[in-house]
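Residues per chain are reported as follows:
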Amino acid sequence: MITYMKLALLEFKKNLKLNIIIAFEIAVLLVVVIVTVSSVLSQLKYYLPMKDILNSKGCIAQIVHSSYRYKTEDAINYEQDIENKYKCVNNIISMSHTTLSFTDKEGFISTYVYDDMLADSYKPIMKNGKWLNEVKQEDGVLNVVVTEFNDAGLKTGDEFKIQAGDGSSVTVRVIGEILDGAAVLSRYGKNLELTEINSYFESYYYNESESKFGFGIVSESEAERYGIDYTLSTGVSFITVNDSTTDEELQALMDRINKSGRCVDISTVNSNSIKTVKKSLLFMAPIIIGVLLFVVITNICISSINAKKQLRSYGVYYICGSRWRQCVLISVFSAFITVIIAALLSAAALIIGDKTGLLKETVISFGSWQLTACLAVILLYLILSLIHISEPTRLRRIS
């Protein structure tokens, strides 16, 4: 095996200039693929995380009136009122608000309480650290994620004390920071359009002149664990019902919610969101098809160039006793060296773009989907690189 790798390196050196050019071409190809996949995913970035919720039966509500939970018995408790009166309700997935006031020093931070399902469904772009569902709960510790800039000056790893509902002291630990400008679930519903999912998110930037002082986010399960009071936010609530719920029962529920705010059937939002995504993808279809053709044609051209340059060498190997399978191994290793260089070049380009801020205002990112697409391109190149030695009889003829 080592012998074949050495021969492959020798073949690479024989056509060094050509192989470097090919590596640059493949690197450009990989970057184009990453940009294309990122563009497609950008159209799905809100729908895919919320897909399970949107495919449920129920309604989406924006509440105007709310009151503190756990505080006064005569206060109208929206969630309890809905759950007690309407037995068809399966779950209320909402976002609430509280204030974490420091007890070991001066200061506080405005904080939003995410239903655990919301925290599991959507993760904002993080500057550093981890999201709420990526860490384990510890006794006596409340995990919080904060915006990159906040008036409390909190950073990942910071800790402070607050008073729990039972009067005991709780340590609050900052586990991560949300990148400034990242999209988060809209915290206010005043001007919120309920028709499709994209409108449920906002890009949050720290701005003192607009009273945007930063905030924190904790999970509902941890807030309840320590008896922390919170109010239902005027953002959106996703109310799911049992599958057996009739249209009349669902309408009665929606009529009740409309007295405290406004709501829309989840199926309507799901349908509108899908239409929006399809419309965007249809607009991008020519670009996607063009990129696919570019990938195939480029790979075929590159393989043809390699075939012309290296076929005689493989004929010599065949005369010297190498079998067809052994020639294939040499070809694969040689192509693999080119691919590694191309991957490093494309990675370097993306890293430089990220560090210099060139990618900050773009949708370009690198994740599992982009990796899969790049691996598919690389695999296609490796397969096409074997075309010129695909038949042993052809090697005999050349030799």
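Residues numbered from 1 in each chain as written. Predicted model: local features only at pLDDT ≥ 70, side-chain atom pairs only at ≥ 80, totals over all residues. Heavy atoms only, no water.

Draft legend 1. Quick look at the overall build of the protein. Secondary structure assignment for the protein yields 11 helices and 14 strands. When each of the 399 residues of the protein is scored for burial, the buried share is 45%. Restricting to contacts in the protein with at least 6 residues of sequence separation, those with at least 24 account for 77%. On the protein, roughly 20,900 Å² of surface is accessible, and the fraction owed to carbon and sulfur atoms is 58%. (Helix = DSSP H or I, 4+ residues; strand = E, 2+ residues; numbered from the N terminus. Buried < 20%, exposed > 50% of the residue type's maximum accessible area, 1.4 Å probe, protein only. Contact = heavy atoms within 4.5 Å. Areas by Shrake-Rupley, 256 points an atom, 1.4 Å probe, with all protein chains shown as cover.)

Draft legend 2. Structural view of the packing of aromatic side chains. Throughout the structure, instances matching the rule amount to 9 aromatic pairs. Ring geometry for Tyr114 against Trp131: centres 6.2 Å apart, planes inclined by 75°, an arrangement best described as edge-to-face. Taken together, the residues Tyr114 in strand 4 (residues 108-114) and Trp131 in the loop between strand 5 (126-129) and strand 6 (141-147) connect sequence positions 17 residues apart. When sorted by exposure, Tyr114 lands in the same class as Trp131, which is buried. Every member of this aromatic cluster is reached through a ring pair, and the members are Tyr46, Tyr122 and Phe201. (Phe/Tyr/Trp six-rings, centres within 6.5 Å; stacked < 30°, edge-to-face > 60°.)

Draft legend 3. Quick look at the nonpolar core. Tyr114, Tyr200 and Phe238 are the most contacted members of the largest nonpolar core, which totals 37 residues. If you list the elements that add at least two residues to this core, you get helix 3 (51-54), strand 4, helix 5 (116-121), strand 8 (169-178), strand 9 (183-185), strand 13 (236-241) and helix 8 (266-319). Residues Ala23, Ile34, Val37 and Ile378 belong to the second largest nonpolar core, which totals 22 residues. (Core = buried A, V, L, I, M, F, W, Y, C linked by side-chain atoms within 4.5 Å.)

Draft legend 4. Structural context of the pattern of salt bridges. Applying the stated criterion across every chain, the model contains 6 salt bridges. Glu138 is the partner of Arg173 in a salt bridge, and the nearest nitrogen-oxygen pair spans 3.0 Å. Residue Arg173 is found in strand 8, and its partner Glu138 is found in the loop between strand 5 and strand 6; the two are separated by 35 residues along the sequence. Judged by relative accessible area, which is 40%, Glu138 ranks as partly exposed. (Salt bridge = Lys/Arg side-chain N within 4 Å of Asp/Glu carboxyl O.)

Draft legend 5. Here's a closer look at the layout of surface pockets. Reported here for the largest pocket is a volume of approximately 1,700 Å³. Where the lining of the largest pocket is concerned, the elements lending two or more residues are helix 2 (16-42), helix 9 (324-355) and helix 10 (368-384). Split by residue class, the lining of the largest pocket holds 28 nonpolar, 11 polar and 7 charged. (1 Å grid on protein atoms, 1.4 Å probe; cavity = no way out; pocket = protein on both sides within 12 Å on 5 of 7 lines; lining within 4 Å. Points joined across faces, edges and corners; volume = space filled by probe spheres on them. Nonpolar A, V, L, I, M, F, W, Y, C, P; charged D, E, K, R; others polar.)

Draft legend 6. View of the side chain of Asn150. Of note, Asn150 is situated in the loop between strand 6 and strand 7 (159-163). Of note is the side chain of Asn150, whose polar atom sits 2.9 Å from the backbone nitrogen of Gly153. Each residue touching Asn150, except ones within four places of it in the same chain, is listed here: Ile109, Tyr206, Phe213, Gly214 and Phe215. (Polar contact = N/O pair within 3.5 Å; in protein donor to acceptor, adjacent residues only side chain to side chain.)

Draft legend 7. Looking closely at the confidence of the model for the protein. Within the protein, residue pLDDT values average 80, and 78% of them lie at 70 or more. Residue range residues 65-76 is modelled with pLDDT below 50. Its contacts to residues more than four positions away, or to other chains, number 23 contacts. Segment residues 392-396 is flagged for pLDDT under 50; beyond a separation of four residues in sequence, or across chains, it makes 13 contacts in the model. (pLDDT = per-residue confidence, 0-100.)

Draft legend 8. Fine view of helix 7 (residues 247-257). The set of residues buried in helix 7 consists of Leu250, Leu253, Met254, Arg256 and Ile257. Angular distribution of buried residues about the axis of helix 7 spans 160°; they occupy a single face of the element. Turned more than 90 degrees away from the buried face of helix 7, the exposed residues are Asp247 and Glu248. (Arc of directions from axis to C-beta.)

Draft legend 9. Representation of a nonpolar patch on the surface. Taken together, Leu16, Ile20, Phe24 and Leu345 make up a surface patch of nonpolar side chains, about 320 Å² in accessible area. With 3 residues, helix 2 is the single largest residue contributor to the nonpolar patch. Looking at the element boundaries, Phe24 is found in helix 2. (Patch = residues over 30% accessible without salt bridge, like charges linked within 9 Å, V, L, I, M, F, W, Y side chains within 5 Å.)

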